[in-house]
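Geometric and topological summary
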Amino acid sequence: MWQGDLVHTGDWPSTAEEALAVQERLRGRVDLTDDCPELPPTVTGLDVAYDDAGGIAAAVVTLETAGLTVVEQRTHRAEAVFPYEPGLFAFRELPPLLAALGALEHTPDVLVCDGYGLAHPRRFGLACHVGVLTGLPAFGVGKTRFVGTHGTPGAARGSSVPLVDAGEEVGAVLRTQDGVKPVYVSAGHRIGLAHACRLTLALTPRYRLPETTRHADRLSRAALR
């Protein structure tokens, strides 16, 4: 059984100041060398759901890349150990996500996060953070813009424009289906932006969001019930 790097919450930051210091320390470990296979055998989606009492259900779902069929899935429920702070959501979501990842039977080939990588105010979103902690290739696909500005991509599937923040290209605004809202793709760790966009298109044959995100979203919500 593969064992991911589990978080020991006793050492986990409890304040925004502590979390910012961790981000500052770890962001230098982000490696954007693209050594992820062009079409990895599997892809693993990550997502979380919250209940009204402060609980979190994390879900990880591994799919075969070729057929997008589920290989295995795991969930983990926990109480939030960090306050709600924009830009620091990873500190709420990573403890249960890493626990769920650690329960997988097989090592993920690449992680697809419902969120951001470099498209973050400090260039260290969830995809960067989980990639650095696990050593696995990771990228983010966000539903909405968090930082930066961009033009309008063409209406056809596969059209994209750069997402730019403070003069730096931090991601791509990618149209995954003809005429639907685009998604926001950003590299996280051990994968380049162009490669992340190609994988995003491979994961969206019918719908706007990647199948990894769709499966993990349903599973995390079911785990709360």
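Here the structure is a predicted model, which is why all the values come from computation and not from measurement.

**Looking at the sheet that holds strand β8 (residues 183-189)**
Taken together, the eight strands give an open sheet; going across it, the order is β3-β2-β1-β4-β5-β8-β7-β6, and neighbouring strands pair in mixed fashion. One side of each edge strand has no neighbouring strand; the edge strands of this open sheet are β3 (70-79) and β6 (160-165). Direction aside, the axes of adjacent strands within the sheet are offset by 25 degrees on average. Where strand β1 (residues 42-50) meets strand β2 (residues 55-64), nine bridges bridge the pair, whose relative direction is antiparallel. Bridging from a neighbouring strand, G45 pairs with V61 of β2.

**Describing the UniProt feature "site: Interaction with target DNA" (unreviewed entry) in the protein**
As annotated by UniProt and renumbered to match this structure, "site: Interaction with target DNA" (unreviewed entry) occupies Y84. With respect to the helices and strands, Y84 occurs in the loop between β3 and α2 (90-102). Leaving out residues up to four positions away in the same chain, Y84 has contacts with F89 and R92.

**Observations regarding the side chain of R175**
You can see R175 is positioned in the loop between β7 (168-174) and β8. It is D178 that comes nearest to the buried, bridge-free R175 among opposite-charge side chains, at 7.6 Å. A distance of 2.9 Å separates a polar side-chain atom of R175 from the backbone oxygen of G154. Not counting residues within four places of it along the chain, the set of residues in contact with R175 comprises T152, P153, G154, A155, A156, R157, G158, S159, V180, K181, P182 and L201.

**Concerning the packing of aromatic side chains**
On inspection of all chains with the given rule, the structure shows four aromatic pairs. On the basis of an interplanar angle of 50 degrees and a centroid distance of 4.9 Å, the ring pair of Y84 and F89 is categorised as tilted. Among the aromatic residues, those joined into a ring-pair cluster are W12, F82 and F91. When the ring centre of Y207 is taken as reference, the NZ or CZ atom of R214 above it lies at 3.8 Å.

Scoring rules and cut-offs
- Residues numbered from 1 in each chain as written.
- Predicted model: local features only at pLDDT ≥ 70, side-chain atom pairs only at ≥ 80, totals over all residues.
- Heavy atoms only, no water.
- Pairing = 2+ DSSP bridges.
- Helix = DSSP H or I, 4+ residues; strand = E, 2+ residues; numbered from the N terminus.
- Axes fitted to C-alpha atoms, helices over the stretch in contact; angles between N-to-C directions.
- UniProt positions renumbered as here; feature names shortened; annotations may be inferred.
- Contact = heavy atoms within 4.5 Å.
- Buried < 20%, exposed > 50% of the residue type's maximum accessible area, 1.4 Å probe, protein only.
- Lys, Arg positive; Asp, Glu negative; His and termini not counted.
- Salt bridge = Lys/Arg side-chain N within 4 Å of Asp/Glu carboxyl O.
- Polar contact = N/O pair within 3.5 Å; in protein donor to acceptor, adjacent residues only side chain to side chain.
- Phe/Tyr/Trp six-rings, centres within 6.5 Å; stacked < 30°, edge-to-face > 60°.
- Lys NZ or Arg CZ within 6 Å of the ring centre and 35° of its normal.

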